[in-house]
Amino acid sequence: MAERTVRDPGGAALPRGFWAAVHVWLEKPQVANRRLSGAAVQAEGTVPLGEGGEISPSIVTAGASGGDGGQEGRTAGAAELGRLWREVRGQLALPPPLVAWGGPGELRAVLRTLLPRGRPAAAPARELAVQDVYNGTVTFLPLEENSEGKYLVKKCNIYQIQLKHIKDEEWSISVVAPFPEDWFSDGIVYPKLAWLGNELLFKLAKWSVEQKLSEFKSTLSLISVAKYSKVYQDLKEKYKEMVKVWPEVTDPEKFVYEDVAIATYLLILWEEERKEKGLTKKQSFVDLGCGNGLLVHILNNEGHPGKGIDVRRRKIWDMYGPGTHLEEATIIPGDSHLFPDTDWLIGNHSDELTPWIPVIAARSSYSCCYFVLPCCFFDFHGKYSRRQCKKTQYREYLDFVAQVGFVCGFHVEEDCLRIPSTKRVSFVGKSRTYPAAERALIDEQITQFINSRRTCAVAMCDRRLGFNHEHHSGGLCKEVGSEPPEDETETAGTIWMPGFQPREKVEQVRNCASLPRDFVDEVVLNVANLLLNAAPQKSRSDKQDGNMNTWNQGESLSLREVAEHLDKEVLKKLKSEYGGLQTLLKNNHQVFEVLNGRVHIRDWRKEKPPSKTKPEVKRRLSAEAFKTRLCWFFIHHPDGCSLPSEACPYAHGTEELRQSQMIKKKKHIQ
């Protein structure tokens, strides 16, 4: 038995917090066990203590929990739970040290299937969890099916989580297994018993006394987790080669697997919509602001007709082939950019188009639906301005995007995706709150709402700039100006927000990368000399080959102190770039380390060797970059490089330089 003592100051958390923690382990086990992709809950309900009696299923979930959906699915789930309970109750008496079920009240049973992650995937495993609130226990009964189709309890892997009140504010949470010597572990569905007693118990104890309530929905709450797990693994295997040939400068693993996850979500959402509406034809779509176009590529490949539109063509577009439909065009919200024959509009990190997606969907047709995944914060007219301080900026913006959907007459559903991003909340609008005959009224409501946001933006801008609106002929800030872009002047009458600013076709690089090389080199040398000559001088001594080797590390200075020593013209030039001085120093990773607002000379002796667990793509890029640039310390540092030539990733002299593999690849492509 493994046990942890927890304190509940004021008695505000327990025992309620314990059952909330158990709920997480029941429905989202992947939060603790990373080798699982989730759990599909087929049925849950109250069960009788005796051998007679009927099952009373208060909730038998479907859809998100992996059930079949509808009344038929609920009835089947209740019947199966009842049959299982009768079979299990007759063959099992809880052995000590498990706490026997009993006392007043009812037991609650949950039938779930644990879904393994990865490929090849282990077989899903069924489990019956029995909650006894009176005794503070939840008992997990692993099930295995025999040749006759009946389920038997896998007795060697039974375990129980117990909550006990010791005294005052002190409680204990424990994990107990009656047959530890016979415990079977496959390392995935059934972890080692030590893991349950350490990792799981630690998390349960922590969750039980946490008072933090999430401001977001549960992950994948609108679709079947079981279906998602299978389809995601299939698509990940199918499109994994994209990681190896990714031509963009962005991280291939993040973007490929994120778009695979979003595509998985949409495919399952659309499949369930076809079942609900009795459709056979796959839904059409338009992805507005499609970026690299990979999501469009996957959806087209999986049989959905549609296209992606973006203001700027990407290099990777040429790799997809004729089956992927992508257009380079500027979207200006207005009557000229409606999609009356399209089933779904997609806004995947669509930036300035994000709040317009529900509007365009509502005005395209009564049947047009939308999916939007907000990222950067934009209003109809430009950057979003905060109006509340009690919410996080992200939550406030999400509420605004949801409000747009409601105003446009949609039943708006919120969900949280399973993607490698901090911005994971999405919105789905697939049904209307009004009959088709009232479209004109809703359209007028939309217009009034957009105008109200525009008026607020003007007022806020006036306050910021400190001028009287009556004495200013322009009437709006630059970002909400009244003049449309030059190439849209002819259709100005159809534009819903005059002055809307789409992204520029040519992306401006303002991360210090476009600064003249001579200018950057001079700033780097000046800052390095400033740190090296700062008093008191610091040094680092290491013994190498039996000799004492002293290498000047210099002093660390704050960014403010460094800026005070730079020329005013230099600072002015840096301020025109995003991030300014800090960005330039971080870009010169070879020379500097910027930590907590302080600048240090980088000592490469402290750098950890490349991890063997690092993704293959990143390991390959590191190997390709080896000795392709000159070592700054070998040339400029008074003590030379802190590493011997064979250990330094940079070239000690031109004779060691290797040609960059990236240059070779570009020549090969040309």
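Rules of the game
Residues numbered from 1 in each chain as written. Predicted model: local features only at pLDDT ≥ 70, side-chain atom pairs only at ≥ 80, totals over all residues. Heavy atoms only, no water. Helix = DSSP H or I, 4+ residues; strand = E, 2+ residues; numbered from the N terminus. Buried < 20%, exposed > 50% of the residue type's maximum accessible area, 1.4 Å probe, protein only. Contact = heavy atoms within 4.5 Å. Areas by Shrake-Rupley, 256 points an atom, 1.4 Å probe, with all protein chains shown as cover. Axes fitted to C-alpha atoms, helices over the stretch in contact; angles between N-to-C directions. Parallel < 35°, antiparallel > 145°, perpendicular 65-115°, else oblique. Left-handed = near helix turned anticlockwise from the far one by under 90°. UniProt positions renumbered as here; feature names shortened; annotations may be inferred. Pairing = 2+ DSSP bridges. Right-handed = clockwise from strand over helix to strand, strands pointing away. Lys, Arg positive; Asp, Glu negative; His and termini not counted. Salt bridge = Lys/Arg side-chain N within 4 Å of Asp/Glu carboxyl O. Polar contact = N/O pair within 3.5 Å; in protein donor to acceptor, adjacent residues only side chain to side chain. Core = buried A, V, L, I, M, F, W, Y, C linked by side-chain atoms within 4.5 Å. pLDDT = per-residue confidence, 0-100. Patch = residues over 30% accessible without salt bridge, like charges linked within 9 Å, V, L, I, M, F, W, Y side chains within 5 Å. Charge placed at Lys NZ, Arg CZ, Asp CG, Glu CD. Phe/Tyr/Trp six-rings, centres within 6.5 Å; stacked < 30°, edge-to-face > 60°.

Let us look at the overall build of the chain. When its secondary structure is counted, the chain shows 18 helices and 21 strands. Split into buried and exposed, the 670 residues of the chain put 49% on the buried side. Taking as baseline every contact in the chain between residues at least 6 positions apart, the subset at least 24 positions apart corresponds to 64%. Accessible surface computed for the chain: about 34100 Å², of which carbon and sulfur atoms make up 52%.

To continue, consider the packing of helix α1 (residues 16-27) against helix α3 (residues 193-209). In contact at an axis separation of 8 Å, α1 and α3 are set at 130° when each is read in the N-to-C sense. With respect to each other, α1 and α3 are oriented oblique. Judged by the sense of rotation from one axis to the other, the crossing of α1 with α3 is right-handed. Residue-level inspection shows Gly17, Phe18, Ala21, Val22, Val24 and Trp25 of α1 in contact with α3, the latter providing Trp195, Leu200, Leu204, Trp207 and Ser208.

A separate point is the UniProt feature "zinc finger region: C3H1-type" (unreviewed entry) in the chain. As annotated in UniProt, the feature "zinc finger region: C3H1-type" (unreviewed entry) corresponds to residues 625-655 in the numbering used here. The span residues 625-655 is 19% helical and 0% strand by assignment, and the distance between its end C-alpha atoms comes to 16 Å.

With respect to burial, strand β13 (residues 344-348) is a largely interior element, 5 of its 5 residues being buried. With burial as the criterion, each face of β13 is covered, one bearing Trp344, Ile346 and Asn348 and the other bearing Leu345 and Gly347. Here strand β10 (residues 285-288) pairs with β13 via 3 bridges, running parallel. Each bridged residue has a counterpart across the sheet, and for Asp287 the counterpart in β13 is Ile346. Where β13 meets strand β14 (residues 369-373), 5 bridges bridge the pair, whose relative direction is parallel. Of the residues in β14, the one forming a bridge with Trp344 is Cys369. Handedness of the crossover joining β13 and β14 through helix α9 (residues 356-364): right-handed.

Within the secondary structure layout, Arg432 lies in strand β16 (residues 425-432). It turns out Arg432 is buried and unbridged, and the closest side chain with the opposite charge, Glu273, is 8.9 Å from it. A polar atom in the side chain of Arg432 sits 2.6 Å from the backbone oxygen of Ser365.

Moving on, we come to α9. Residues three or four positions apart in an α-helix share a direction because the helix packs 3.6 residues into each turn. With 9 of 9 residues buried, α9 is to be regarded as a mostly interior element. Within α9, the full set of buried residues consists of Trp356, Ile357, Pro358, Val359, Ile360, Ala361, Ala362, Arg363 and Ser364.

Next up on the list: the nonpolar core. Of all hydrophobic cores here, the largest spans 44 residues; its most connected members are Leu288, Leu345, Trp356, Val359, Tyr370, Phe380 and Phe427. For this core, the elements supplying multiple residues, two or more each, are β10, α9, β14, α10 (393-407), β15 (410-416), β16 and α11 (439-465). Sorting elements by how many residues they give to this core places α10 first, with 8 residues. Once residues within four sequence positions are removed from consideration, Trp356 is found in contact with Pro333, Phe380, Ile450, Trp496, Met497 and Phe500. If you look at the next biggest cluster of nonpolar residues, it comprises 43 residues, including Leu115, Cys290, Leu299 and Phe371.

Looking now at the confidence of the model for the chain. Averaged over all residues, the pLDDT of the chain is 82; the fraction at 70 or higher stands at 80%. Segment residues 52-75 is flagged for pLDDT under 50; beyond a separation of four residues in sequence, or across chains, it makes 52 contacts in the model. A low-confidence stretch, residues 662-670 (pLDDT under 50), is modelled with 5 contacts involving residues beyond four sequence positions or located in other chains.

With that settled, the discussion passes to a negative patch on the surface. A surface patch of negative charge is lined by Asp518, Glu522, Asp567 and Glu569. On the secondary structure map, Glu569 appears in helix α14 (residues 568-575). According to the relative accessible area criterion, Glu569 is exposed, its value standing at 54%.

Okay, the side chain of Thr354 next. Relative to the helices and strands, Thr354 resides in the loop between β13 and α9. A distance of 3.1 Å separates a polar atom in the side chain of Thr354 from a polar atom in the side chain of Ser350.

Another aspect to go through is the sheet that holds strand β21 (residues 598-601). Picture the strands of a sheet paired through backbone hydrogen bonds; they go either parallel or antiparallel. Spatially, β19-β21-β20 is the arrangement adopted by the 3 strands of the open sheet, whose pairing is antiparallel. Each end of this open sheet is capped by a strand with a single partner; those strands are β19 (557-558) and β20 (592-595). As paired strands, β19 and β21 are joined by 2 bridges and run antiparallel to one another. What sits directly across from Ser558, in β21, is Arg598.

Turning to the pattern of salt bridges, a few remarks are in order. Evaluated as defined, the whole model comprises 23 salt bridges. A salt bridge links Arg112 to Glu127, with the shortest nitrogen-to-oxygen separation between them at 2.6 Å. Taken as a pair, Arg112 in strand β4 (residues 107-116) and Glu127 in strand β5 (residues 125-132) lie far apart in primary sequence, 15 residues in all. Judged by relative accessible area, which is 0%, Arg112 ranks as buried. Here Arg602 and Glu607 are joined by a salt bridge, their closest N and O atoms 3.0 Å apart. Taken together, the salt bridges that share partners define one network made up of Lys391, Arg395, Asp399 and Glu414.

Looking now at the packing of aromatic side chains. Applying the stated criterion to the full structure yields 25 aromatic pairs. Arranged with centres 6.0 Å apart and planes meeting at 85°, the rings of Phe380 and Phe449 form a pair that is edge-to-face. Linking Phe380 in the loop between β14 and α10 with Phe449 in helix α11, this pair joins segments that are 69 residues apart in sequence. Classification of Phe380 as buried rests on a relative accessible area of 0%. Overall, the relative accessible area of 13% leaves Phe449 in the buried class. Here the aromatic rings of Trp551 and Phe633 are separated by 5.7 Å at their centres, their planes lie at 65°, and the arrangement is edge-to-face. Placement of the pair is Trp551 in strand β18 (residues 547-552) and Phe633 in helix α17 (residues 632-636), with a sequence separation of 82 residues. For Trp551, a relative accessible area of 1% translates into the label buried. A network of ring pairs unites the aromatic residues Trp356, Phe377, Phe380, Tyr384, Tyr394, Tyr397, Phe400, Phe449, Trp496 and Phe500 as a single cluster.

A few words now on the sheet that holds β13. Spatially, β12-β11-β10-β13-β14-β16-β15 is the arrangement adopted by the 7 strands of the open sheet, whose pairing is mixed. Among the strands making up the open sheet, the edge pair consists of β12 (326-328) and β15. Recorded for the sheet is a direction-independent mean angle of 20° between the axes of neighbouring strands. Along the sheet face, helix α6 (residues 252-277) touches β10, β13, β14, β15 and β16 and points at about 155° away from the line of β13.

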